[in-house]
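What follows is the residue order along each chain.
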Amino acid sequence: MCGIIGIVGKSPVTDRIIESLKRLEYRGYDSAGVAVQTGGKVERRRAQGKIRALEAVLADSPLTATVGIGHTRWATHGVPSERNAHPQTGGRVTLVHNGIIENFAELKAELQKAGRTFESETDTEVIAQLIDSCLDAGQAPLAAFKSALDRLTGAYALAVLIEGEDNFIMGARRGSPLVVGTGEGEMFLGSDALAVGPFTNKVTYLEEGDYVAIDHDSARIFDEHGAPVERPMKVVSASAALVEKGNYRHFMEKEIHDQPEGCQHTISAYIDAVAGRTAVPGGVDFAALERIQIVACGTSYIAGVIGKYLIERLADLPVDVEIASEFRYREPALRPGALAIAMSQSGETADTLAALRHCKARGMKTAAVVNAQESTMAREVDVVWPIHCGPEIGVASTKAFTAQVSVLIAIAVAAARARGRIDEAEEQRVVKVLLGAPRLIAESIGLEDAVREIAVDIAKARDVLYLGRGPMSALALEGALKLKEISYIHAEGYAAGELKHGPIALVDELTPVIILAPFDSYFEKSASNMSEVIARGGQVVFITDPEGARHAPEGAKVVMTAPASDPLISTLVMAAPIQLLAYHVAVLKGADVDQPRNLAKSVTVE
Ligand code: AGP
């Protein structure tokens, strides 16, 4: 994630931009920069490293203006450097960006062919050059902005200055958040309410595809079709906690919606987007590895099961995944030469920590896939693989789950490349697939209205079954865990092929059966399982993709169509509907969504 601020002010902005960037440093801090509009000219200052490096540059070479933008960077395209720091320019356009543009290479080639030269390695500079090329074609600023936005594939939050357009900043959001702040004769753009918090508590949350033009007194917002829209203005509480909830009722709801940006942040730490290859930190020699042993609990265990499917299929590397509380006491037959990976959002779960220590005591190399980088597990392993999804407050894990799976996907690809199972071209293809995941997750979250509707029926159920095959069998486990832990409805996740070995006895007209079945190599089998359930009166919620919807057997109570996705990332894309289903059922039942009964966010006792 990166942090963005824009101010159309009536008093000097440079110090206020720096103040805001310091609040945004949690989003990324490998470089930072400011650009201001003054006297019809745009000037910028940038620095590699933390905000204080930028402050030193500004102390030497101040900027005085009342209109400006600022950015603190988490590098995705291009190494951390002043050259790759934002703001980036293209002709009259200077802008800051949070997100990943998937088609930046094609656009860059097109612009270079048209004679444009580039200063940086970033995808962001491509956006600036693209807008400038539309200005060159005679379009007015807003029209040029919209034309450029329509060419972009990927995720972005933007704040844009056009040289000579005083008292004017444009902004846009897709897949990364952006808010408008309303002051007294001043207007603001920011990554979140925290960014504009020092200046105003009147915040308007832009929606997916929105773009906006602000001046001293107004914000003109347009939807993705270019139609003027009104978005509600909220007065946010001064308390950081409430502000962190943003536009949402619960942390869990916010964290589900944060996944597109969270996964961008995670993925960008494990790939070199410019070279189109994986860049997994820690120096593990996957070619020499004989086996991976994953130990974890709960949702983290389920992420590990998905990792097993992908690492074994792509890299032909044996992976065992085990519930930590069982593993630690059963005296497993361990051998050096294997890598033990602890999966844990908190990095403090007692059973997982004990299992990890068991592996370490037997001479295994150890790694941890964790969110809390200062946690006990992170301090005790040989290799730390952070998931970089920001603090997860809701007890039910959502964004950490998809972030964990994202890390395991990157590891699967890196291991496949290291073991010669895929060539450079295939690695570049799958890296591009991985870069596209945040956008597809955002589209999948768009199923929320359909989910909210079916939640009314699910909330009445006594028992719910979740079925899937392959990696979707693990997602079935996760869907069941989410539902039971926050709505208290009994739910079970099963490999769909197991249905006839017992669970089908549960199926009657009162039993909702959630079947997760993208149109992949398992689809036909899952479709026949669906027919078996329908034949016994089961109420099927079929979650698939467009091709799967076209081939689905008749009789489902509802068919939900998530976006089509490569099997490599389908669990990332199909996670949102099951997370949202659990959330909305729990809300309907009046459960304490963020702090469900009997649970804790981190189980640091046995
Ligand atoms: C997930 O929604 C649950 N809150 C729980 O199963 C959790 O995943 C488990 O306790 C493991 O926690 P950790 O990832 O912090 O180790």
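Scoring rules and cut-offs
Residues numbered from 1 in each chain as written. Predicted model: local features only at pLDDT ≥ 70, side-chain atom pairs only at ≥ 80, totals over all residues. Heavy atoms only, no water. Helix = DSSP H or I, 4+ residues; strand = E, 2+ residues; numbered from the N terminus. Buried < 20%, exposed > 50% of the residue type's maximum accessible area, 1.4 Å probe, protein only. Contact = heavy atoms within 4.5 Å. Lys, Arg positive; Asp, Glu negative; His and termini not counted. Charge placed at Lys NZ, Arg CZ, Asp CG, Glu CD. Pairing = 2+ DSSP bridges. Near = heavy atom within 4 Å. Polar contact = N/O pair within 3.5 Å; in protein donor to acceptor, adjacent residues only side chain to side chain. Areas by Shrake-Rupley, 256 points an atom, 1.4 Å probe, with all protein chains shown as cover.

Draft legend 1. Seen up close, the overall build of the protein. Assigned secondary structure in the protein consists of 21 helices and 27 strands. Over its C-alpha atoms, taken along the principal directions, the protein stretches across nearly 75 × 50 × 50 Å. Here the protein holds 606 residues, and 60% of them are scored as buried. Restricting the contact set of the protein to residue pairs at least 6 apart, pairs at least 24 apart contribute 71%. If you average the places of the 61 positive and of the 78 negative side-chain charges in the protein, the two averages end up 2 Å apart.

Draft legend 2. How the structure looks around the sheet that holds strand β8 (residues 169–174). Strands sit in the order β5-β6-β7-β8-β12-β13-β14 across an open sheet of seven strands; the sheet is antiparallel. The open sheet has two edge strands, β5 (88–90) and β14 (228–229), and neither has a second partner. Where strand β13 (residues 219–222) and β14 come together, two bridges link them in antiparallel fashion. Within β14, the residue paired with F222 across the bridge is P228.

Draft legend 3. Spatial organisation of unusual backbone geometry. The linkage connecting H86 with the following residue, P87, adopts the cis geometry, with an omega of 5°. The topology assignment puts P87 in the loop between β4 (67–73) and β5. The backbone of H388 shows a phi angle near 50°, a positive value even though the residue is not glycine. The topology assignment puts H388 in the loop between β22 (383–386) and α14 (399–418).

Draft legend 4. Broad picture of the site of the ligand. For the ligand, the set of nearby residues contains 14 residues, the closest of which are S300, S344, S346, T349 and E485. Separating an oxygen atom of the ligand from a backbone N or O atom of Q345 is a distance of 2.8 Å. One of the backbone N or O atoms of S397 is found 2.8 Å from an oxygen atom in the ligand. For the ligand, the protein covers 91% of the area, taking 410 Å² as the surface of the free molecule. Secondary structure elements with two or more residues in the shell around the ligand: α10 (298–315) and α18 (471–487).

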